[in-house]
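# Secondary and tertiary structure notes
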Amino acid sequence: MKLLLHTCCAPCSVYCIQKLRKDNIEPVIYWYNPNIHPYMEYKARRDTLKEYTKSIGVEAIFEENYGLREFCKNVIDDLDNRCQYCYRTRLEKTVQYAKENGYDAFCTTLLISPYQNHEKLKQTGEELEKEYGIHFYYQDFREGFRQGQNEARELGLYMQKYCGCIFSEEIRYYNHNQAKPDIPMDLKTIKEEKPQIKKIENKEAYMDMLLEADPSKASIMKYLNDSDVYGLKLNDEIISLAVILHIDNSTLELKNLVTKEKYRNKGYAKRLLKHLCGNYKQKYDKMIVETTENNIPFYVKQGFDKYEKTIKNYFIDNYNEEIKDGDLICTDMIYYSKDLKKR
Ligand code: SF4
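Quick summary incoming for the structure in this document.

## Comments concerning the site of the ligand
- Close to the ligand lie Asn35, Arg82, Cys83, Cys86, Cys163, Gly164, Cys165, Phe167 and Ser168.
- At the level of secondary structure, the elements contributing two or more residues to the shell around the ligand comprise α4 (82-100) and α7 (166-177).
- For the shell around the ligand, the element with the highest residue contribution is α4, accounting for three residues.
- Each residue belonging to the shell around the ligand can be placed in one class, and the counts come to five nonpolar, three polar and one charged.

## Quick notes on the nonpolar core
- Core analysis: the biggest nonpolar cluster contains 73 residues, and Cys16, Phe106, Ala242 and Tyr336 have the highest contact counts within it.
- At seven residues, the largest contribution of residues to this core is made by helix α1 (residues 10-22).
- When residues of this core are assigned to domains, at least three map to each of domain 1 (3-172) and domain 2 (189-339).
- Those residues in contact with Cys16 that sit more than four places away from it in its chain are Leu5, Thr109, Ile112 and Phe141.

## Points about the sheet that holds strand β4 (residues 105-108)
- Taken in spatial order, the five strands line up as β3-β2-β1-β4-β5 in an open sheet, and their pairing is parallel. Here the strands that pair on one side only, and so sit at the sheet edges, are β3 (60-62) and β5 (135-136).
- Where strand β1 (residues 3-6) lies against β4, four bridges are found, and the strand directions are parallel. Bridging across to β4, Leu5 finds its partner in Cys107.
- Helix α2 (residues 39-56) rests against β2 (27-31) and β3 of the sheet, and its axis sits at about 160° to β3.

## Observations regarding unusual backbone geometry
- Cis geometry marks the peptide bond from His37 to Pro38; its omega dihedral reads -10°.
- Secondary-structure assignment places Pro38 in the loop between β2 and α2.
- Located in the positive-phi region is Asn265, a residue other than glycine, with phi close to 60°.
- Tracing the sequence through the fold places Asn265 in the loop between β9 (251-259) and α10 (268-280).
- Asn265 gets classed as exposed once you count the C-beta atoms within 10 Å, which come to 8.

## Topic: the environment of Thr259
- Positionally, Thr259 belongs in strand β9.
- Setting aside its immediate chain neighbours within four residues, Thr259 contacts Ile239, Ser240, Arg264, Tyr268 and Ala269.

## Here we look at the sheet that holds strand β14 (residues 333-339)
- Here we have seven strands laid out as an open sheet, ordered β6-β7-β8-β9-β10-β14-β11, and mixed in their pairing. Because the sheet does not close on itself, it has two edges, and the strands there are β6 (196-200) and β11 (306-311). With direction set aside, neighbouring strand axes in the sheet form an average angle of 30°.
- Where strand β7 (residues 227-234) lies against strand β8 (residues 237-246), eight bridges are found, and the strand directions are antiparallel. Pairing of Val229 across the sheet is with Val243, part of β8.
- This element, helix α9 (residues 217-224), spans β7, β8 and β9 of the sheet and lies at about 65° to β8.

## As for α1
- For α1, with 13 residues, the first-to-last C-alpha span of 18 Å sits near the 18 Å given by 1.5 Å per residue.
- Within α1 the residues assigned to the buried category are Ala10, Pro11, Cys12, Ser13, Val14, Tyr15, Cys16, Ile17 and Leu20.
- Lining the buried residues of α1 we find β1, β2, α2 and α6 (145-155).
- Backbone geometry just after α1 places Asn24 at a positive phi near 60°.

## Side note on the pairing of β7
- Relative to β7, β6 runs antiparallel, the two being bridged by five bridges. Note that in β7 the partner of Ile200 across the bridge is Val229.
- In this antiparallel pair of consecutive strands, β7 and β8, the connection spans two residues, and Asn235 shows a positive phi of 50°.

Calculation notes
- Every chain is numbered independently, its residues counted from 1 as its sequence is written.
- Per-residue local features of the predicted model are confined to residues with pLDDT of at least 70, and side-chain atom pairs are confined, for both listing and counting, to 80 or more; whole-chain, interface and lining totals are unaffected and use all residues.
- To decide nearness, the C-beta atom of each residue is placed from the backbone, and the residue is near a molecule or strand if that atom lies within 6 Å of it.
- Think of it this way: any DSSP run of H or I at least four residues long counts as a helix, any run of E at least two long counts as a strand, and we number them from the N terminus.
- Amino acids outside the nonpolar list (Ala, Val, Leu, Ile, Met, Phe, Trp, Tyr, Cys, Pro) and the charged list (Asp, Glu, Lys, Arg) are all regarded as polar, and Gly is one of them.
- Think of a nonpolar core as buried Ala, Val, Leu, Ile, Met, Phe, Trp, Tyr and Cys residues chained together by C-beta atoms that fall within 7 Å.
- Any residue whose C-beta has 12 or fewer other C-beta atoms within 10 Å is treated as exposed, any with 20 or more as buried, and any in between as partly exposed, C-beta atoms being built from the backbone.
- Boundary definitions for the domains trace back to an automatic or database domain assignment.
- Any residue pair is listed as a contact if its two C-beta atoms, each placed from the backbone, are within 7 Å.
- Should DSSP find at least two bridges between two strands, the strands are regarded as paired.
- To obtain each axis, a line is fitted to C-alpha atoms, and for helices this fit is confined to the stretch in contact; angles are then taken between N-to-C directions over 0 to 180 degrees.
- Multiplying one less than the number of residues by 1.5 Å gives the expected span of a helix.

Written out as structure tokens, the structure is:
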């Protein structure tokens, strides 16, 4: 099969190329990424890929387009949905090149990243397959994300710190430099209590809160009694909960992680999880989490970066009503794990 592999960067290509070669497919690399800004970043990623592809003897085509202006013009009115435009633009250029140059199929290394909207990428590829009559070679490369990133690091490849566009760089900036709001002078003397973590014994008393993360009481009851429940307490109120199930002597599963709505996006769940992982690593090797597509980036950032498996149509088969996570209608349950011993 003659396969054109759209490639976003060298680190993401490492595992994808290895996997395709293992499956007896020799891909041709196709660089087309007008979404990467500013120019020095674009150049660093492109040149790293040039060197890497040369070093492993894979053919590579570089379609030059540093597309700052055009990209910004096309996404500025709907920044929250910019990734959709970004996926479509890059994959459409790839399928066009594939069609004009006699390829049988096209694919993308974006399918390895747990930070991307995997389902949206798959859907875009399938739409383009229909429009252009070139097969979209879909592969869930996410299982090799950690392996590929580790190898890339060992090879000394340039590793980017943000997705690509200037807006993703802005988000990274905000995440790292979030200015603390000024406390009015008259409140400066009131000290907020430090959050504390405690084990919860009367687990069922917190059912309403647990239902916010898992909307089926029957499902919660299947794991609650056999699990340990921990709460993060702030000013006498439990504001976050984590439910941990013991699977075997070396493995745990995070069954439920929830924060009361008014305390969300302030890092409390992250703090609770970090504390528990630190404690459990004395006795256990691995913690698994079951999650939906939307929450993968959160868990990967907390070290749950090893893809384990997907249970297709889990939410359709196990719940009577439609389960939503933000705008996303949940279908598949996806499992990732964290190596608790890893520093
Ligand atoms: S965040 Fe990444 S995928 Fe989304 S628009 Fe920016 S570069 Fe493209």
